[in-house]
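The chain contents come next:
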Amino acid sequence: MLFCLFHAFRSVDMCFMRICAQGNDRTQAEMAHTCRGTINLATAHIDTEDACNIVLSSGGRTYHLKASTEVERQRWVTALELAKAKAIRMMNNQSDDSGDEEPASQSDRSEIQGTLKTLANKLDDLSTCNDLIAKHGAALQRSLSELEALRVPVEGGEKIKAVNERATLFRITSNAMINACRDFLDLAETHSRRWQRVLQYEREQRTHLEETIEQLAKQHNSLERAWREAPALATNTPVIPATEQGSERPRKEEASDEDEDTEYFDAMEDSPAFITVTATDHTQHRRSQSNLSGASGGHPNDWNQEDHMMSPSCNDLSGKEIKPRKRRRTHIADKPNYSLNLWSIMKNCIGKELSKIPMPVNFNEPLSMLQRLSEDLEYHDLLDKAARCESSLEQLCLVAAFSVSSYSTTVHRTAKPFNPLLGETYELDRLEEYGYRSLCEQVSHHPPAAAHHVMSQRGWTLWQEITIASKFRGKYLSIMPLGAIHLTFASGNHYVWRKGTSTVHNIIVGKLWIDQSGDIEIVNHRTKETCQLKFSPYSYFSREVPRKVTGVVTDCDGQANYILSGTWDDKIESAKIVHSSRGSSSSEGKQKTVYQTLGPKLLWKKYPLPDNAENMYYFSTLALTLNETEEGVGRTDSRLRPDQRLMEAGRWDEANMEKQRLEEKQRAVRRRREAEATDALDDGREYEGYQPLWFHQRTNPITGETNFVYKGGYWEAKDRRDWSMCPDIF
């Protein structure tokens, strides 16, 4: 049977190769007259069910093959994979030859020839290695055959037979490797013409761009000279009344009441599905029509119309005292270009317990997790503005924008922050500059948990306890922050929400990138108003804007009042809903709600990154100041952590040794506590265990959860400059 299958597959393979070679010369009718049962190898899927079975499928036709041994099966799989690769290359070559070839310069040709020559030399080296492998493999098989011929017990004979099959499999694999390298060289030669065309096209585009920029610069200079030479023209121009200006400007974008000016927006994938339509009511002022283009397509206006204006108190700055700000650093040492040798890490891990394996600082950034938590306050001005709002719904929009802004720093920050030591703290004292003080403390090590408390003189208080749960799913890592975030205002409004899921992609191979996904519900427990935010996960096949965020703000009766839209790495806008109605059903059978809205209001816009940020771990302006040395901080502050400080200075080797010392010191303290707990248990005494210094556990009356909240005393100790109660953790 195997012999018949071999000849059948050989005829199929040869028949398909003829099709690939003559595909451009044959008619459609001739293409149909192929061998009976032909499978297109270029699109075929080859799979192995077990040690001896092969599954070959393409276009609804599936063949199940069975080999006599595992070695025989591997020969078939190797031959089929090579034939498939050859078929794909032949199809690509035909598409390449169909295009017009453009002459390449002599330097490009010589460079490509040099590259091909280098590849050929490497291929010769691989051929030599293959010959040696084949020679030694044959000798190994002969030795195993001689051992098999000797009189040995049945169990030993089976083992020798298994080793013999493995040696044969190794030789087949090495032959397949050298064949693949030879095919790679052929492919490089074939694609050299495509490389030349692409290079020539890019050079032409660059030249065209340089010419365009030069022309624009000349036009700019001529316009500037013309403006300087005609100052009298501006003074003699009659002043146009404001009413006439207001009626003239929209003529460019007239027809505001016509259907083509109304923009429709896709609904959210999950319920509640909705569509937003820009309002075109005749009562609106004509001068605002150019701005009323929808929540995601138009330019955000200032909401200076009377009918959709935010409360004046939201933008009132009378309570803000303007004081001279402290001059803080704007750069740190550039990140060293150290190569990461994974083998050196694995070599040091042999024979060690998993908990004692030291991870090098090469994976880190010179900030602790407590400092990353404090970095959420970069856009604290949103909360300052929310505290001045008289409308709780408008306040909820700003709180939602603040919750989204905390993700804006993660788009480029793929490095891991330092794990805080138990009892480590971090203070962010911006009382004189921005009116708030922030304190974080690592309250637990297993599981790791951090407590955070912020109090502001501008009418708001924020606190949270965050525990990180993670799941490794092969190609990506899901990070799920556990714990609720609480925010209260002087008005009595109490908001609670939880963070969404962060996903780190390409953990094993490729460039790391981060995405945010999931839903966030923000609830005002005083008024029962809610905001539903949806973070759309990135999809290669989606037409949506990457990193998209959408949301709906509803009142206590469930009536939608505002639509939020934007991206978590750039900006968030809100649009007030003036009318809602039930629309037609979607393709999934869900009935969508159509929201008629006013023009969008820009709530939050990300600050640009500092110059040279790519060489400073992509730190934001605030992040650059988080590890800056300050006087008067506690002895457990993250700024005083030596391994983190050495890494920031670019001394990574010393930082690795210091990091290992700190971790071993922490393990020794934990072992001592465990011994004390054991002694107390033997003596029948109660052992209290570790207790955080500045936080204690309390049950929250709203969520019913027991978490750590600030108990006071830190800022008073700072005023007294008394840190005698702090443990020695560094």
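Residues numbered from 1 in each chain as written. Predicted model: local features only at pLDDT ≥ 70, side-chain atom pairs only at ≥ 80, totals over all residues. Heavy atoms only, no water.

Let's talk about the overall build of the protein
(1) Moving on: In terms of helices and strands, the protein carries 17 helices and 23 strands.
(2) Moving on: Considering the protein as a whole, with its 730 residues, one finds that 41% of them fall into the buried category.
(3) Moving on: Sequence-distant contacts in the protein: of pairs separated by 6 or more residues, those separated by 24 or more amount to 59%. (Helix = DSSP H or I, 4+ residues; strand = E, 2+ residues; numbered from the N terminus. Buried < 20%, exposed > 50% of the residue type's maximum accessible area, 1.4 Å probe, protein only. Contact = heavy atoms within 4.5 Å.)

Some thoughts on the pattern of salt bridges
(1) Moving on: Scanning all chains against the criterion turns up 33 salt bridges.
(2) Moving on: The closest approach of N and O atoms between R651 and E654, which form a salt bridge, is 2.7 Å.
(3) Moving on: According to the relative accessible area criterion, R651 is partly exposed, its value standing at 41%.
(4) Moving on: Under the relative-accessibility criterion, E654 is labelled partly exposed at 34%.
(5) Moving on: With its nearest N and O atoms 3.5 Å apart, the salt bridge here joins D728 to K665. Here D728, found in the segment after α17 (714-720), pairs with K665, found in helix α16 (residues 652-683); they are 63 residues apart in sequence, far enough to count as distant.
(6) Moving on: D728 sits in the exposed class, given a relative accessible area of 60%.
(7) Moving on: Judged by its relative accessible area of 26%, K665 falls in the partly exposed class. (Salt bridge = Lys/Arg side-chain N within 4 Å of Asp/Glu carboxyl O.)

A closer look at the side chain of T78
(1) Moving on: By secondary structure assignment, the location of T78 is in helix α3 (residues 70-98).
(2) Moving on: Exposure remark for T78: the relative accessible area of 14% places this residue in the buried category.
(3) Moving on: Apart from residues no more than four positions distant in its own chain, T78 is found in contact with I172 and A176.

Remarks on the nonpolar core
(1) Moving on: Grouped together as the largest cluster of nonpolar side chains are 61 residues, with contacts concentrated most on W460, L487, W497, I522 and L533.
(2) Moving on: Those residues in contact with L487 that lie beyond four places of it in its chain are L383, V399, W460, T461, L462, N493, H494, Y495 and W497. (Core = buried A, V, L, I, M, F, W, Y, C linked by side-chain atoms within 4.5 Å.)

Observations concerning the packing of aromatic side chains
(1) Moving on: The full count for this structure, using the stated rule, is twelve aromatic pairs.
(2) Moving on: The ring of W568 has R547 sitting right over it, with the charged end atom 5.8 Å from the ring centre. (Phe/Tyr/Trp six-rings, centres within 6.5 Å; stacked < 30°, edge-to-face > 60°. Lys NZ or Arg CZ within 6 Å of the ring centre and 35° of its normal.)

Here we look at the UniProt feature "coiled-coil region" (unreviewed entry) in the protein
(1) Moving on: With numbering matched to this structure, UniProt assigns "coiled-coil region" (unreviewed entry) to residues 199-226.
(2) Moving on: Annotated as 100% helix and 0% strand, the span residues 199-226 places its first and last C-alpha atoms 41 Å apart. (UniProt positions renumbered as here; feature names shortened; annotations may be inferred.)

Considering helix α12 (residues 392-405)
(1) Moving on: With 14 residues, α12 should cover 20 Å at 1.5 Å per step; its first-to-last C-alpha distance of 20 Å lies within 8% of that length.
(2) Moving on: The element α12 is largely enclosed, with a buried count of 14 among its 14 residues. (Expected span 1.5 Å × (residues − 1).)

Observations concerning α16
(1) Moving on: In this model, α16 (32 residues) spans 47 Å end to end at C-alpha, consistent with the 46 Å of a helix rising 1.5 Å per residue.
(2) Moving on: Summarising the contacts, the buried residues of α16 are in contact with β6 (416-418), β8 (436-445) and α15 (642-648).
(3) Moving on: Directly after α16, the chain includes G684, whose backbone phi takes a positive value near 75°.

What about the pairing of strand β5 (residues 364-368)?
A regular strand carries its side chains on alternate faces of the sheet.
(1) Moving on: Of all five residues in β5, five are buried, a share of seventy percent or more.
(2) Moving on: Side chains of β5 alternate between two faces, with N364, P366 and S368 and E365 and L367 buried alike.
(3) Moving on: Note that β5 and β6 share two bridges and pair parallel. When the sheet's bridge partners are listed, S368 is paired in β6 with F418. (Pairing = 2+ DSSP bridges.)

Observations regarding a nonpolar patch on the surface
(1) Moving on: Together, F472, I507, I508, V509 and L512 line one region of the surface with nonpolar side chains, adding up to about 490 Å² of accessible area.
(2) Moving on: With respect to the helices and strands, F472 occurs in strand β10 (residues 460-472).
(3) Moving on: Accessibility expressed as a relative area gives 51% for F472, which makes it exposed. (Patch = residues over 30% accessible without salt bridge, like charges linked within 9 Å, V, L, I, M, F, W, Y side chains within 5 Å. Areas by Shrake-Rupley, 256 points an atom, 1.4 Å probe, with all protein chains shown as cover.)

Digging into unusual backbone geometry
(1) Moving on: Of the consecutive residues H446 and P447, the connecting peptide bond is found in the cis state with omega at -5°.
(2) Moving on: Of note, R547 is a non-glycine position whose phi angle comes to about 60°, a positive value.
(3) Moving on: One can find R547 in the loop between β16 (529-535) and β17 (548-554).
(4) Moving on: Backbone geometry at N612 places phi at a positive 65°, although glycine is not the residue there.

With respect to the sheet that holds strand β2 (residues 53-58)
(1) Moving on: Taken together, three strands build an open sheet; the order of strands is β1-β2-β3 and the sheet is antiparallel. Each end of this open sheet is capped by a strand with a single partner; those strands are β1 (45-48) and β3 (61-66). With strand direction ignored, the average angle separating the axes of adjacent strands in the sheet is 20°. (Axes fitted to C-alpha atoms, helices over the stretch in contact; angles between N-to-C directions.)

Considering the side chain of Q666
(1) Moving on: With respect to the helices and strands, Q666 occurs in helix α16.
(2) Moving on: Separated by 2.8 Å, the side chain of Q666 and the backbone nitrogen of L422 make a polar contact.
(3) Moving on: Once you skip the residues sitting within four places of it in the chain, Q666 turns out to touch L421, L422 and H445. (Polar contact = N/O pair within 3.5 Å; in protein donor to acceptor, adjacent residues only side chain to side chain.)

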